[in-house]
Amino acid sequence: MTRIVIVFFFITCFCSTVSAQGDYISIGFGPSMIYSDNSGLYREFKFKIQPAVSLSINKQLSEYVGLRGSLGTQIFNSGHYTDYNPNPKRIINWGNEDQAFGFKGMGYIADIMPVFTTNPNASGMLMSTIHFYAGLGFGLMYVSRDLEILRNGIIDNGVIVDGEILKTNETDFLPLIPLRTGLSTNLSGDWDFALEFVLITTLSSELDGNNIKYNQIDPDMSGQILFTVKRYFGSAW
């Protein structure tokens, strides 16, 4: 994925000068987190922050609407659940159901969506220094993860004193619904920069290797905050 990002970056750098608000390639990077059954206490802000990267290409269909395809990757790490919420009975019950209390892994994401943009540049003329964009689409995530499952756990005075931790590796393809919103500069040039917020909702509770659905929201989700660089190419609107 890193090589692909580098190649696209240099290709866009050597493209000829064009007017803004046409088709574009964008690269984004920033922090991310997950919302799942075994990955933290969200009300107390106890969860792992991990990096995420995205690469997108946007075909502008009209002045306000584009069709955007994206590839991305995100590191997943639930952390040690016992550090966040020392509830040994829950961990033992999960183990009895062959469900993980911890996991680490990578997610590789591909999606496509229509994107609506407010107040774009018209024929390269500056209309506003900042514009807002949003899109909703559909995609697929390939997940490779290492799981930790407690078997035959024993509790003494509220503490797990014995048991076997089984470590396994699993892979999955998960359908997902991505939502993107962002604020972008509107520089009327070849480059723009954006702060993008991404919410990825999977259509299952399988992301973390635990499907008991402990949380109030059933599907597992991930969130990303990405600093994005855009390079325009082709004809402007």
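Going by the structure above, here's the rest.
So, a few notes on the structure that sits alongside this text. (Residues numbered from 1 in each chain as written. Predicted model: local features only at pLDDT ≥ 70, side-chain atom pairs only at ≥ 80, totals over all residues. Heavy atoms only, no water.)

A closer look at the environment of Tyr24
Just so we agree on the cut-off: Per the convention used, a helix needs a DSSP run of H or I reaching at least four residues, while a strand needs a run of E reaching at least two, with both numbered from the N terminus. The contact criterion used throughout is that any non-hydrogen atoms of two residues lie within 4.5 Å.
With respect to the helices and strands, the residue Tyr24 is situated in strand E1 (residues 23-35). The spacing of Tyr24 and Arg231 is 207 residues in sequence and 5.3 Å in space, taken between C-alpha atoms. Beyond its immediate chain neighbours, meaning those up to four positions away, Tyr24 contacts Ser56, Ile57, Asn58, Arg68, Lys230, Arg231, Tyr232 and Phe233.

Let's talk about the nonpolar core
The criterion, for reference: What we call a nonpolar core is a set of buried Ala, Val, Leu, Ile, Met, Phe, Trp, Tyr and Cys residues that are connected through their side-chain atoms within 4.5 Å. Residue burial is assigned from relative accessible area. The probe radius is 1.4 Å, only protein chains are included, and a residue is buried under 20% of its type maximum, exposed over 50%, and partly exposed in between.
Judged by nonpolar contacts, the single largest core of 16 residues is most densely connected at Phe76, Met141, Val143, Ile200 and Leu207. Sorting the residues of this core by element identifies strand E6 (102-117), strand E8 (138-156), strand E9 (159-185) and strand E10 (191-202) as the ones contributing at least two each. It is E8 that provides the largest number of residues to this core, a total of four residues. Residues within four places of Met141 in sequence aside, it is in contact with Phe76, Gly107, Tyr108, Ile109, Asp172, Phe173, Leu174, Leu176, Ile200, Thr202 and Leu207. Ile92, Trp94, Phe101 and Leu150 belong to the second-largest nonpolar core, a separate cluster that totals five residues.

Comments concerning the packing of aromatic side chains
Our working rule: Ring pairs shown here join Phe, Tyr and Trp side chains whose ring centres sit within 6.5 Å, with only the six-membered ring taken for Trp; geometry is labelled stacked below 30 degrees between planes, edge-to-face above 60, and tilted in between.
In total, this model carries six aromatic pairs according to the counting rule given. Ring geometry for Tyr142 against Phe173: centres 5.0 Å apart, planes inclined by 50°, an arrangement best described as tilted. In this pair, Tyr142 is assigned in strand E8 and Phe173 in strand E9, connecting sequence segments 31 residues apart. Residue classification places Tyr142 among the partly exposed positions, given a relative accessible area of 30%. Note on Phe173: relative accessible area 56%, which makes it exposed.

Function-wise, these values are silent; they only describe arrangement.
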